[in-house]
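Chain and residue survey
Here is what each chain is made of, one letter per residue.
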Amino acid sequence: MSDTLHTLLTEDRSYEPTPEFRAQANVNDPEVYQRALSDPLDFWEGWARQLDWYEPWKKVLVWERPFAKWFVGGKINACHNCVDRHVARGLGDKVALIGEGEPNDVRSFTYAQVKDEVSRIANTLKSLGVSKGDRVCVYMPMIPELPMTMLACARIGAAHSVVFGGFSAESLHERINDAGAKVVVTADGGWRRGHVVELKRITDEALAKGCPTIEKVLVYERIGDATAYDKGHWDSSRDVRWSDVVPQQSVDCPCEPMDSEDLLYILYTSGSTGKPKGIMHSTGGYLTQTYATAQWVFDYKPDDVFWCTADCGWVTGHSYIVYGPMANGVTQVVYEGTPDTPDKDRFWRVIEKHGVTILYTAPTAIRTFMKWGDEYPDRCDLSSLRLLGSVGEPINPEAWVWYHETIGKQNCPIVDTWWQTETGAILISPLPGITSTKPGSATQPFPGIHAAVYNEIGDDVTPRHGALGFYNTAEGRQPDPNGREIGGILTIKEPWPSMLRGIWGDPERYYNVYWSRFNDAYFPGDGTKVDSDGYFWLLGRIDDVMLVSGHNISTMEVESALVDHVAVAEAAVIGKKHEIKGQGISAFVILRTGHTGSPELEKAIKDHVAMKIGAIARPDDLFFCAELPKTRSGKIMRRLLRDVAEGRALGDTTTLADPGVVANLKERYEHES
Ligand code: 6R9
């Protein structure tokens with residue numbers, strides 16, 4: 001393999017935790033890694049003991065590959081641990097949720113208020129016929145009632161299935177039926193970029209396609225009148241106004257003691273092919289690991305104001321808005337709208353207004369902010385920030401450094417956290433009081449997590465500290481000539497508490513997708529490199545690796561080189577059929593504000609990639625565009641770009657944030673190239 005492919009690995013900047021940060025950190029003793037390694041079950045058990053259980057577990061782990069059970073025999077309730085436990089220890093008056101609506105309305109709830117409201121919602125659900133073991137579909141805007149509805153489900157032992165408020169009627173219909181939900185909780189609408197997203201109307205449309213298991217629809221009045229946004233459709237035998245029923249309920253609703261392995265929720269993840277998978281998470285292990293990772297990675301202190309900018313329709317909102325942070329009793333911001341409403345400084349205004357101390361966001365957002373320019377953050381006071389996080393995609397070193405300097409003022413550690421819907425909680429991340437960070441690397445597995453890198457044929461080729469790495473070629477396993485990196489397939493070798501328990505309704509698919517590739521490890525589907533310090537450099541989905549003239553080149557590496565050019569704000573790269581090379585490289589590029597596309601710039605950018613990586617990675621085509629097709633959680637859908645570049649009809653676009661983007665792109669691409 002080419003020894004020129006080093007954009008990421010020649011990234012040798014390193015950032016030590018400052019002595020001040022280290023001194024105050026929740027964990028600052030590197031010994032924790034060794035301790036967890038020598039007895040992972042004891043490590044996780046220590047965390048589980050910090051939660052309230054109705055009955056203790058009899059066994060920490062029962063592992064019958066690929067099925068794990070954690071804290072077996074234990075009885076616990078997730079809502080109790082996220083809410084009642086804090087009220088019981090005197091924190092009832094602490095603010096739990098600061099809900100900032102897009103139109104600037106702020107509604108805050110203390111932990112005591114959350115307990116009352118969640119209990120009322122839970123009693124309402126019961127009155128609508130929901131009982132333990134049922135599924136409730138939640139289709140709401142990002143307002144405090146969304147996490148509270150999730151907690152209400154957990155309180156009575158019903159599993160929630162949250163569907164992102166931007167998904168179409170078709171996606172909603174499919175997910176309701178797959179889960180067999182009894183009730184949908186929705187709203188008349190939500191605010192997004194100054195417009196109302198008509199959630200109730202979309203729900204009606206979904207139900208009109210046939211949802212035989214749905215008995216009731218509970219409608220929160222976010223916009224005003226629940227009938228105003230459903231085009232006159234109100235089915236009084238089915239639809240229930242929140243304001244008619246919830247406020248009347250008693251605040252007394254005992255938490256249901258759940259078995260540690262009982263289903264907490266289902267969350268659909270699209271994957272690159274096939275129908276969405278209903279990922280199942282259970283209670284005790286999931287809560288234990290989201291609690292532990294949130295406490296150590298985000299370093300919560302009693303006065304922190306945490307803001308995770310994800311939507312609850314995404315796993316990040318489940319694990320790091322609802323369960324992890326609330327199990328830790330933190331104060332957090334929940335923001336409804338988009339970052340550019342009313343202006344492109346909205347995020348920084350929110351931070352200034354609420355004194356946010358910890359910000360957790362996605363690389364796609366960070367690159368967008370870079371594109372908009374520094375004037376927006378520069379006009380706000382960001383001095384409250386003390387820690388920054390990233391999740392969702394590999395973060396390009398350029399974006400990392402911008403985040404560190406322009407947002408963090410070189411004063412905030414960055415935690416780049418790798419995990420998935422399926423893993424439930426963070427698996428690879430720095431611990432901010434211990435780990436020296438390198439821009440672009442998610443660094444090391446969390447204590448207790450055994451991550452490794454495998455080659456194509458399933459050998460563990462993880463370089464041990466100081467040892468020479470190996471990589472896989474057509475000739476077999478070869479030592480890395482540079483002795484400093486190996487590339488391959490990320491695997492997780494031992495079970496972890498928050499791992500998925502299966503795919504709803506499809507146990508065979510669970511085995512096929514995650515456990516059939518290697519017989520002794522979980523297969524997440526991501527490529528990675530590991531350097532000689534044992535740092536992991538995630539390279540994106542394996543499907544996104546290109547084969548150019550026999551060389552494996554990851555889209556991520558070329559994209560990082562593109563974004564490294566001063567004129568480039570964002571880039572997506574795909575492999576396109578090429579008669580000679582097998583695959584050629586096509587780049588889709590968004591320019592930074594103030595730059596315009598021209599043949600000269602095109603050549604300069606291509607040259608820049610060749611200079612950074614090597615001539616082999618020079619893009620064959622480069623196409624300037626205004627937007628890229630992305631999922632609602634901000635991931636670029638390269639599969640659709642491949643359809644565009646290879647002139648095919650577009651595949652499934654139902655999970656796109658804005659299906660118009662790719663249709664436009666296709667039209668322009670066919671015109672101009
Ligand atoms: C939490 C979440 C999972 C996929 C995952 C990987 C990518 C997430 C990342 C990252 C590099 C990171 N991913 N975090 N890649 N560095 N810090 O995003 O879950 O929506 O299920 O996506 O996202 O490719 O496999 P999910």
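Everything numeric in this text was worked out from a predicted model, so none of it was measured.

**Notes on the pattern of salt bridges**
Oppositely charged side chains can pair when the atoms bearing their charge come close. All told, the structure shown has 49 salt bridges when counted by the stated rule. The salt bridge involving Glu336 is made with Arg222; its shortest N-O contact spans 2.5 Å. Placement of the pair is Glu336 in the loop between strand S17 (331-335) and helix H12 (346-354) and Arg222 in the loop between strand S11 (216-220) and strand S12 (239-241), with a sequence separation of 114 residues. A relative accessible area of 7% places Glu336 in the buried class. Taking relative accessible area as the criterion, Arg222 reaches 12% and is therefore assigned buried.

**Regarding the sheet that holds S12**
The strand order across the open sheet built from eight strands is S12-S11-S8-S6-S7-S14-S15-S25, with neighbouring strands paired in mixed fashion. Only two strands of the sheet have a single partner each, and these edge strands are S12 and strand S25 (502-503). Sheet topology places strand S15 (residues 277-282) next to S25; two bridges connect them, and they run antiparallel. Looking across to S25, one finds that Met280 is bridged to Gly502.

**Some details on the pairing of strand S27 (residues 536-541)**
With respect to burial, S27 is a largely interior element, five of its six residues being buried. Across four bridges, the pairing between strand S26 (residues 526-531) and S27 is antiparallel. Residue pairing across strands places Lys529 opposite Trp537, the latter belonging to S27. Counted along the chain from S26 to the antiparallel partner S27, the turn is four residues long, and its residue Gly534 has a positive phi close to 80 degrees.

**Section: the sheet that holds strand S19 (residues 387-390)**
Strand order in this open sheet of seven strands is S5-S4-S17-S16-S18-S19-S20, and the pairing throughout is mixed. Taken across any chain shown, the strands that pair with only one partner, and hence form the sheet edges, are strand S5 (106-110) and strand S20 (414-416). Taking each pair of neighbouring strands and ignoring which way they run, the sheet shows an average axis angle of 15 degrees. Strand direction decides the pairing type here: strand S16 (residues 305-308) and S17, joined by three bridges, are parallel. Paired with Val305 across the two strands is Thr331, which belongs to S17.

**Side note on the packing of helix H4 (residues 78-91) against helix H11 (residues 315-327)**
Axis separation between H4 and H11 bottoms out at 9 Å; the angle between their running directions is 50 degrees. As far as their axial angle goes, H11 and H4 are oblique. Seen from above, H4 lies across H11 with left-handed handedness. Where H4 approaches H11, its residues Ala78, Asn81, Cys82, Arg85 and His86 are matched on the opposing element by Val322, Tyr323, Met326 and Ala327. For the contact of H4 with H11, a count of residues per class yields six nonpolar, two polar and one charged.

What counts as what
Per-chain numbering applies: the sequence of each chain, read as written, is numbered from 1 onward. This being a predicted model, a pLDDT of at least 70 is required before a residue's local features are given, and a value of 80 or more before pairs of side-chain atoms are given or counted; all residues contribute to the totals for chains, interfaces and linings. Side-chain figures throughout are based on the complete set of non-hydrogen atoms in the structure, without hydrogens or water. Any carboxyl oxygen of Asp or Glu that lies within 4 Å of a side-chain nitrogen of Lys or Arg is treated as forming a salt bridge with it. Per the convention used, a helix needs a DSSP run of H or I reaching at least four residues, while a strand needs a run of E reaching at least two, with both numbered from the N terminus. For each residue, the accessible area found with a 1.4 Å probe, counting protein chains only, is set against the maximum for its type, and the residue is called buried under 20%, exposed over 50%, and partly exposed in between. Should DSSP find at least two bridges between two strands, the strands are regarded as paired. Orientation is described by axes fitted as lines to C-alpha atoms, over the contacting stretch for helices, and by angles from 0 to 180 degrees between their N-to-C directions. Small angles under 35 degrees read as roughly parallel and large ones over 145 as roughly antiparallel, with 65 to 115 read as roughly perpendicular and the rest as oblique. A clockwise turn of the near helix away from the far one marks a right-handed crossing, whereas an anticlockwise turn of less than a right angle marks a left-handed crossing. Residue contacts are counted whenever heavy atoms from the two residues lie within 4.5 Å of one another. When residues are grouped by polarity, Ala, Val, Leu, Ile, Met, Phe, Trp, Tyr, Cys and Pro land in nonpolar, Asp, Glu, Lys and Arg in charged, and all others, Gly among them, in polar.

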